[in-house]
Amino acid sequence: MRNLLIWFCLVFSLFSFGQNKNFTVEDKLIFWKLVYEDSSSISNLKSNPRLEFVSDSTGRIKKTNFEDKKLDQLTAEFKIETKKGKYRVSVFNIKFFVQPAGIYGGGLLMQTISEFTIERALIKKDGQIRESSSKNNLTERLNPHLVELFTIKKVSKSDW
């Protein structure tokens, strides 16, 4: 019986994973935060076509799915804070957009909701992030895209 219990716990832990550590809940809102160890100016991020800056340190992520077929299109807001030799990015207000599905019944055409927040998808009633299976972990799928999006690329100089 004891071996069966150990085996069950081992198998269960293989199939359910926690959320990515860069995603946190603050006041029932989900934030993605990461500190980059880079002394480059954050103004270099302004040339990124997926980012729309509102001020020097705040803005929006334009509608994208990062060309990942398993992700719905999304938008979000961001804030960048700087200290000597590093900068911290906070992404919040993440909204997903799905293709509206029409439901026809009894002569009426109804459309389903085509927009939802990450909080609606992931926060439980107790305010914690819902556990996901390894096959469909939204935070693990989003994390590498957000890391790449806010990484300052070294600009190669050309003669053009």
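What comes next is a walk through the structure. Just so you know, these numbers come straight off a predicted model, no measurement behind them. (Residues numbered from 1 in each chain as written. Predicted model: local features only at pLDDT ≥ 70, side-chain atom pairs only at ≥ 80, totals over all residues. Heavy atoms only, no water.)

Some words on the overall build of the protein chain
Move 1: Helices and strands together make up the secondary structure of the protein chain, namely 3 helices and 11 strands.
Move 2: Its helices and strands in sequence order give the protein chain the pattern α-β-β-β-β-β-β-β-β-β-β-α-β-α, from N to C terminus.
Move 3: By residue count, 30% of the 160 residues in the protein chain fall in the buried class.
Move 4: Of the contacts formed within the protein chain by residues at least 6 apart in sequence, a portion of 52% connects residues at least 24 apart.
Move 5: Accessible area of the protein chain: about 11,400 Å², with a carbon and sulfur share of 55%. (Helix = DSSP H or I, 4+ residues; strand = E, 2+ residues; numbered from the N terminus. Buried < 20%, exposed > 50% of the residue type's maximum accessible area, 1.4 Å probe, protein only. Contact = heavy atoms within 4.5 Å. Areas by Shrake-Rupley, 256 points an atom, 1.4 Å probe, with all protein chains shown as cover.)

Some details on the pattern of salt bridges
Move 1: Tallied over the full model, the rule gives 8 salt bridges.
Move 2: Between R141 and D68 there is a salt bridge; the shortest N-O distance is 3.2 Å. Of this pair, R141 sits in helix 3 (residues 138-149) while D68 sits in the loop between strand 5 (58-64) and strand 6 (73-83), placing them 73 residues apart in sequence.
Move 3: Given a relative accessible area of 26%, R141 falls into the partly exposed group.
Move 4: Judged by relative accessible area, D68 falls into the buried class, the value being 12%. (Salt bridge = Lys/Arg side-chain N within 4 Å of Asp/Glu carboxyl O.)

Description of the packing of aromatic side chains
Move 1: Counted according to the given criterion, the structure contains 6 aromatic pairs.
Move 2: Seen from their ring centres, Y36 and Y87 are 4.8 Å apart, and the 10 degrees between their planes marks the pair as stacked. One end of the pair, Y36, is in strand 3 (residues 29-36); the other, Y87, is in strand 7 (residues 86-97), and 51 residues separate them in sequence.
Move 3: Residue class for Y36 comes out buried when judged on its relative accessible area of 8%.
Move 4: The class for Y87 is buried, based on a relative accessible area of 2%.
Move 5: A centroid spacing of 5.1 Å and a plane angle of 80 degrees characterise the contact between F53 and F78, whose relative ring orientation is edge-to-face. One end of the pair, F53, is in strand 4 (residues 51-53); the other, F78, is in strand 6, with 25 residues separating them in the sequence.
Move 6: Looking at F78, the relative accessible area reads 1%, which means it is buried. (Phe/Tyr/Trp six-rings, centres within 6.5 Å; stacked < 30°, edge-to-face > 60°.)

Honestly, that's just the spatial picture; any functional story needs more than this.
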